[in-house]
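This is what each chain is made of:
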Amino acid sequence: PVVVDFLSFLQRARHCSPRTCNQRLGALHSFFRYLQTEQPEHLAQCQRILAIPQRRYARMAVRYLSTEELGVILAQPDLKHRQGRRDAMLLTLLYHTAARCQELIDLSVRDVRLESPALVRITGKGRKTRVVPLMTNTTQLLEEYLAEMGLTSPEQVDAPLFRGRYGGRLSRSGIRYIIEKYTAKARTERQNLPQHIGPHTFRHAKAMHLLQSGNPLTVIRDILGHVDIKTT
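An account of the accompanying structure is given in this report. (Residues numbered from 1 in each chain as written. Predicted model: local features only at pLDDT ≥ 70, side-chain atom pairs only at ≥ 80, totals over all residues. Heavy atoms only, no water.)

## Some details on the pairing of strand β2 (residues 119-123)
Regular strands show a simple pattern: their side chains alternate between the two faces of the sheet.
Stage number 1. On β2, burial follows the alternation: V120 and I122 on one face are buried, whereas L119, R121 and T123 on the facing-out side are not.
Stage number 2. Examined bridge by bridge, strand β1 (residues 112-113) and β2 share two bridges and lie antiparallel to one another. Each residue of the ladder has a partner; that of R113, found in β2, is L119.
Stage number 3. Bridge count between β2 and strand β3 (residues 129-133): five bridges; the pairing is antiparallel. Note on β3: the bridge partner recorded for L119 is P133. (Buried < 20%, exposed > 50% of the residue type's maximum accessible area, 1.4 Å probe, protein only. Helix = DSSP H or I, 4+ residues; strand = E, 2+ residues; numbered from the N terminus. Pairing = 2+ DSSP bridges.)

Okay, here's the thing in structure tokens:
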């Protein structure tokens, strides 16, 4: 009864969402799973607490971009300028590899292979590495980008693939700024673009486009770097 009252208090007095209540309940469940093995004389009480169900809540629909919306955003960087070409390459690679924001930041020149089969090696959560193949047009753009940025020489293999203003790796806020900059420009042409477009929106878009093209979930899971297909 104390646990049930605590959860009701969170929702009623603290105005916590069902997801927050479920996080608190998950912590209690974890503790009482441990407790029942350490003090089996309290097994019955632990089982009663473990039987308390989580709150139900409506899951938000996954935000992603259609191919037309994505095309409008990718067309915004000014290819006449060096920075515009860098930003175009960044947005293109963010979509084609379905990389998380930090994964894109961590990319170095050595992670890119332009010879056939062209690919990018991405290191994700838990230092797990996955290989994502590159399409022909993306490979060509990447080859031109590396040459322009002076990243083709052997001593540049550990250099960051995308550099900031001062030569270091781009930050999360830097990538978000780039995305917000071009989505704001794209909204002048297409006002019904989804709100709150961020790095993960490009990841969702790639996953949805793969699914719509008939790719099996196992392939999408491997490209996204998920351990459990339920996450996919």
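## Remarks on the packing of aromatic side chains
Stage number 1. Within this structure, the stated rule accounts for two aromatic pairs.
Stage number 2. Relative to F32, the ring of F31 has its centre 5.1 Å away and its plane inclined at 75°; by these criteria the two rings are edge-to-face.
Stage number 3. With relative accessibility at 43%, the residue F31 sits in the partly exposed group.
Stage number 4. The exposure class of F32 is buried, given its relative accessible area of 13%.
Stage number 5. When the centroid spacing of 5.5 Å and the interplanar angle of 40° are considered together, the rings of Y145 and F162 count as tilted. Here Y145 is found in helix α7 (residues 136-148), whereas its partner F162 is found in the loop between α7 and α8 (172-187), with 17 residues between them in sequence.
Stage number 6. When its relative accessible area of 5% is taken as the criterion, Y145 is described as buried.
Stage number 7. The class for F162 is buried, based on a relative accessible area of 3%.
Stage number 8. Here the basic side chain of K206 rests over the ring of Y95, its NZ or CZ set 5.2 Å away from the ring centre. (Phe/Tyr/Trp six-rings, centres within 6.5 Å; stacked < 30°, edge-to-face > 60°. Lys NZ or Arg CZ within 6 Å of the ring centre and 35° of its normal.)

These figures come from the coordinates and say nothing about function on their own.
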